[in-house]
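Commentary on secondary and tertiary structure
What follows is each chain in one-letter form.
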Amino acid sequence: MQPNGNLINHICTIVKRELGGYFGSPVAYVFIVIFLMLTGFFTFYISNFFEAGQADLKGFFQWHPWLFMFLVPAVAMRLWAEERRLGTIELLLTLPVTVTEVILGKFLAAWIFIGIALALTFPLVLTVCYLGNPDLGVIFCGYVGSFLMAGTFLSVGSMTSALTRSQVVSFILAVVACLFLILAGFAPVTAMLSGWAPLWLVDLVSATSVLSHFSSIARGVLDVRDLVYYLSVMVFMIFVNGVILQNRESA
Amino acid sequence: MSDGKKRIRKTAFSAGSAVLVLLIVVLVNTLLARTTLRWDATEDNLYSLSDGTRTILADMDQDVVIKVFYSKHVPTVPSHIKTFAQRVIDFLSEYEHYGKGRIKVEIYDPKPDSEEEEWAIKYGMKGVSLPSGDPVYLGLVALSADQEAAMPFIDPTQETRLEYDLTRLIARVQTAERMKIAVFSGLPVFGSAPNMMMGGPRQGQAPWFFIQELKKTYDLIQVQAAADTIDPAAKLLILFHPKTMSDKLAFAVDQYILGGGNAIVFADPLSLMDDPRMGPEGSIPDKLFKAWGISMPTGKAVADYTFATRLRNRENQVENNPMWLSVQADGFNGDDLITANLESMLLPVGGAIDILPDGPCTIEPLIHSSPNNELVDAFSHNQDVSALRRQFKPSGTARNLAVRISGTFKTAFPDGRPGPPEGTAEETPQTDPGAPVLKTGKSPSVVVVVADSDLLYDGYYLSQQNFLGFNISNVFNDNLNFMLNSCEMLTGNPALIGIRSRGTFERPFTRVQALERKAQDRWLDQEQALERQVEATNEKLHMLEQQKDASQRAILSEEQEQEIARFQEEKLKINKELKVVRRNLRAEIEQLGTMVKFINIFLVPILIAMGGIIFAITRKRKA
């Protein structure tokens, strides 16, 4: 057996098991229903999508960072905290799979799950096509950006979930971290730093703003830099996730 | 080694590896910060260089240096301006790429009291003060040989025009010589200087925005009303609402065009910007128009319900005004470069251009109304719209709102130079008798005639607002683009047209608009039916009145009473119907909105919830 094929096989198995777990419990349905109703509500009643009369989805994607900030940590909080609380983590790690495989499997399953929720907003795309003549390239990019942002928040939530036994603590930590990622580019945050931090650090923090990368993609341009940014955050967070788990495991 | 120490060492090792990964990730991101690899997924490639720019970049004679002044050091710059600045710099690197070494982009950070800031001020950059008090520069200057041209502040809200502005800047520094345009205007489009003499200080007025825009590219020559020649060095002549054109000036225009000059004429049956006391005659140079093969009915404006504009009237109600023409894409000639990519224009109270049979030139419509139009008195724009609507009878044929006339022109003055106006006693000395009087054109020319002048009043295409203490103007329709396109076509730089009017930024709900129009038509029908009914009854009553004896005139006959009663009943019924129609006017649209909202907010969630419940039940049964 090739080790590489093994890795992918194992991950696939875990993804399937996890996804089955999501849809076998009320969690998935509650999450999807709430996500869809909130996006719908914000799009139609706060952005006034229909009254604005423009065949684009700006008023829809505009809310995604803020909705994901709460909803994605809610999905991520149970990834590890629950396993730790129930003590099933030891069991999981005695199975003939490596920690990396479990982490990647769980992460991918949760990401796919959020992707499914995102894909279920498809009636809105059909709606704009029916009402007007939208630029489908821009809408596609909006979805790509939204999905990547969800993955970024998920990796953060996954990491905080591994830190603690309590789901609530994990949730709060993840929301705060996501809020920081969103607000990093905002003037008050940079102003707070600029008093003492060197300029390169301020720039670095400001460059970690999820919002600017998201709006850059959502305007209809897939830029390598934005993609690399999202992937970087995910890779780093998942790596830290692994490091934490490995340390706990041996503890 | 003890267990504890082992653990500490392991933790330290893991922490170290995490830091290492962080460093690698940051490094990769900083290294990739310079790449410009990207995929522009927008339908019209809004964020890539267009062919027009590439043509101009390929034909450059001079090397161009572009200096960007951007206050990178200020930490409190809002995040969206930072990303915008980055996009501008990225966009410039595309110019560098296509300029094949002839374009160089340099980026400076003008820190306070630095040499860079001195340069920025010298080049006329305009700093914007942030709420925190830091001045921020985001401007650029293009330098080539001894030419320089600047954008003092790059407006983030005008990103869609960025390419046009940049390319125009580069094209402009290429040559020392600027093209000349002669402008004659019956309105104070050039603004006025502050006047301190007459009755206290009066504020001067800035030139109209389109004049400022033209000045960026061309040298403008102001033609005075008393002029008797048009400078032949002018590449183009613009007649803007030429209401007080003397025969002498008309002759000068005639000779200029016969000499091969091009012209744009904004003739108007009624200018909203003009002083209403100045009299009713608009600005239609009949004599010239006749010679060119067109005519415009005096004092008549086009009312068009398909292109009607929603306006607030004096009672503060929103109503559809058919005399303010909001011309949509299907009103533009798609084959002419001037109008090919325009999307919407607003022509407030414009006239109609009729094409006369067997004129000497080729005449092509540029903008036309819909068939759902009627020619009405231009003055009725002051009246109640509902009166206009009741009398409305669509003509069924589209009318021209702007045309392009091309070919070899014939003179409008077959008798030669017009003499001095009758009644003037003194003999005006013949000016320049040596100048030959042309009867037919020396070479072909092009004249664009637009049946409105109000369209270039700032307020009808521009909304101005203050952004961080900086005036920002937002163009909301294609009125200015039409003007600039025409200028560029007629002065022979069509490459720039391809840049500006590309791309669709407005994407309205076409279905909603169609519903709106349908409802409007239905309303009109009902109202007209009621009106006819009233007329018929009146006539009948009148007839009955006539049939009576003189002695009975004072009292109503039975028939009359019956007829009146019948009419009252009918009127009540129709009025009720009208009310229903009025209520239903937007009902269909609201219904569509409700349906769309329901589907998008509740339908899928309900389906998912039902699916979940069914799944749970079946699983319970199995278990």
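Per an unreviewed UniProt entry, chain A carries the name ABC transporter permease and comes from Desulfosarcina ovata subsp. ovata. UniProt, in its Subcellular location (unreviewed entry) section for chain A, records the words "Cell membrane".

Attention shifts here to the UniProt feature "transmembrane region" (unreviewed entry) in chain A. Residues and elements named next belong to chain A. Feature annotation in UniProt places "transmembrane region" (unreviewed entry) on residues 26-47, 63-81, 102-124, 136-156, 168-189 and 227-245, given in this structure's numbering. Structurally, residues 136-156 is divided into 100% helix and 0% strand, and its ends, taken at the C-alpha atoms, are 30 Å apart. Its end C-alpha atoms 27 Å apart, residues 227-245 is made of 100% helix and 0% strand.

Below, the discussion takes up helix α14 (residues 587-622) of chain B. All names here are of chain B. Between its first and last C-alpha atoms α14 spans 50 Å; for 36 residues at 1.5 Å apiece the expected length is 52 Å, and the two agree. For α14, the principal kink sits at isoleucine 599 and spans about 40 degrees. Residues of α14 that are buried include every one of Ile589, Leu592, Gly593, Val596, Lys597, Asn600, Ile601, Val604, Pro605, Ile608 and Gly612, and no others.

Contacts between the two partners involve 58 residues from chain B, matched on the other side by 60 residues from chain A. Regarding the contact of chain B and chain A, the summed buried area is about 5,200 Å², with carbon and sulfur atoms giving 65% of it. The three residues of chain B that bury the most area against chain A are Arg507(B), Phe509(B) and Lys597(B), which together make up 14% of that side's buried surface. Taken together, the connections running from chain B to chain A amount to 1 salt bridge. Here Lys597(B) and Glu51(A) are joined by a salt bridge, their closest N and O atoms 3.1 Å apart. At the level of secondary structure, the elements contributing two or more residues to the side of chain B that touches chain A comprise α1 (3-32), β1 (38-40), α3 (79-98), α12 (510-547) and α14 of chain B.

Residue and element names in this part refer to chain B. The residue tyrosine 108 is located in strand β3 (residues 103-108) in this model. Judged by its relative accessible area of 25%, tyrosine 108 is partly exposed. If we skip the residues at most four places from it in the chain, tyrosine 108 touches Lys67, Val68, Phe69, Tyr70 and Glu116.

Attention now moves to the pattern of salt bridges. Under the counting rule described, the total for this entry stands at 15 salt bridges over all chains. One salt bridge in this structure joins Lys106(A) and Glu18(A), with 3.3 Å as the shortest N-O distance. With Lys106(A) in helix α8 (residues 99-119) and Glu18(A) in helix α1 (residues 3-24), this pair connects stretches of sequence that are 88 residues apart. Its relative accessible area of 3% is what places Lys106(A) among the buried residues. With relative accessibility at 8%, the residue Glu18(A) sits in the buried group. Taking the shortest distance from any N to any O, the salt bridge between Lys67(B) and Glu106(B) comes out at 3.8 Å. Here Lys67(B), found in strand β2 (residues 64-70), pairs with Glu106(B), found in strand β3; they are 39 residues apart in sequence, far enough to count as distant. Look at the salt bridges and you will find they share partners, linking Arg17(A), Glu18(A), Glu83(A) and Lys106(A) into a network.

Turning our eyes to something else, we now look at the environment of Lys16(A). Residues and elements named next belong to chain A. You can see lysine 16 is positioned in helix α1. Note on lysine 16: relative accessible area 64%, which makes it exposed. When the C-alpha atoms of lysine 16 and leucine 108 are compared, they prove to be 10.0 Å apart, with 92 residues separating the residues in sequence.

This paragraph deals with the UniProt feature "transmembrane region" (unreviewed entry) in chain B. All names here are of chain B. Per the UniProt annotation, the sites labelled "transmembrane region" (unreviewed entry) are residues 12-32 and 598-617. Its end C-alpha atoms 30 Å apart, residues 12-32 is made of 100% helix and 0% strand. Across residues 598-617, helical content stands at 100% and strand content at 0%; the span's end C-alpha atoms are separated by 27 Å.

Next up on the list: the sheet that holds β3(B). All names here are of chain B. Taken in spatial order, the 4 strands line up as β3-β2-β6-β7 in an open sheet, and their pairing is mixed. Single-partner strands in this sheet number two, and they are β3 and β7 (147-151). Ignoring strand direction, the axes of neighbouring strands in this sheet form an average angle of 15 degrees. Against the sheet, helix α5 (residues 162-174) engages β2, β3, β6 (138-144) and β7, with an angle of about 165 degrees to β7.

In this section: the side chain of Asp135(A). Positionally, Asp135(A) belongs in the loop between α9 (122-131) and α10 (136-163). Looking at Asp135(A), the relative accessible area reads 9%, which means it is buried. Among all residues touching Asp135(A), those that are not within four sequence positions of it are Ala55(A), Ala41(B), Thr42(B), Glu43(B), Asp44(B) and Arg507(B).

Residue and element names in this part refer to chain B. Considering all chains together, one arrives at 36 aromatic pairs over all chains under this definition. Ring centres of phenylalanine 69 and tyrosine 123 lie 6.1 Å apart, and the angle between their planes is 40 degrees; on these two criteria the pair is classed as tilted. Taken together, the residues span a long stretch of sequence, with phenylalanine 69 in strand β2 and tyrosine 123 in the loop between α4 (115-122) and β4 (128-129) at a distance of 54 residues. Tyrosine 123 shares its class with phenylalanine 69; the two are buried.

Calculation criteria
Numbering of residues begins from 1 in every chain and follows the order in which that chain's sequence is written. Labels are handed out in written order, letters beginning with A for the chains and numbers beginning with 1 for the ligands. With pLDDT at 70 or above as the cut-off, local features in this predicted model cover only qualifying residues; side-chain atom pairs require 80 or more to be listed or tallied, and sums for whole chains, interfaces and linings still use all residues. To obtain the side-chain values, all non-hydrogen atoms of the structure were included, while hydrogens and water were left out. UniProt positions are given in the numbering used here, feature names are shortened, and annotations may be inferred rather than shown by experiment. A run of H or I in DSSP becomes a helix once it reaches four residues, and a run of E becomes a strand once it reaches two; helices and strands are each numbered from the N terminus. One less than the number of residues in a helix, times 1.5 Å, gives the span that helix is expected to have. To get the bend at a given residue, fit one axis to the seven residues ending there, fit another to the seven starting there, and take the angle between those axes. Here's how the labels work: a residue is buried when its accessible area is under 20% of the maximum for its type, exposed when over 50%, partly exposed in between, all with a 1.4 Å probe on protein chains only. A contact between two residues is defined here by any heavy atoms of the two lying within 4.5 Å. Summed over both partners, the accessible surface that disappears when two parts come together, traced with a 1.4 Å probe, is what is meant by buried area. By convention in these notes, a salt bridge is any Lys or Arg side-chain nitrogen within 4 Å of a carboxyl oxygen on Asp or Glu. When DSSP finds at least two bridges between two strands, those strands are taken to pair. Every angle, taken between N-to-C directions, lies between 0 and 180 degrees, and every axis is a line fitted to C-alpha atoms, over only the stretch in contact when it is a helix. When the centres of two rings from Phe, Tyr and Trp lie within 6.5 Å, Trp using its six-membered ring, the rings pair. Their planes under 30 degrees apart give stacked, over 60 give edge-to-face, and anything left gives tilted.

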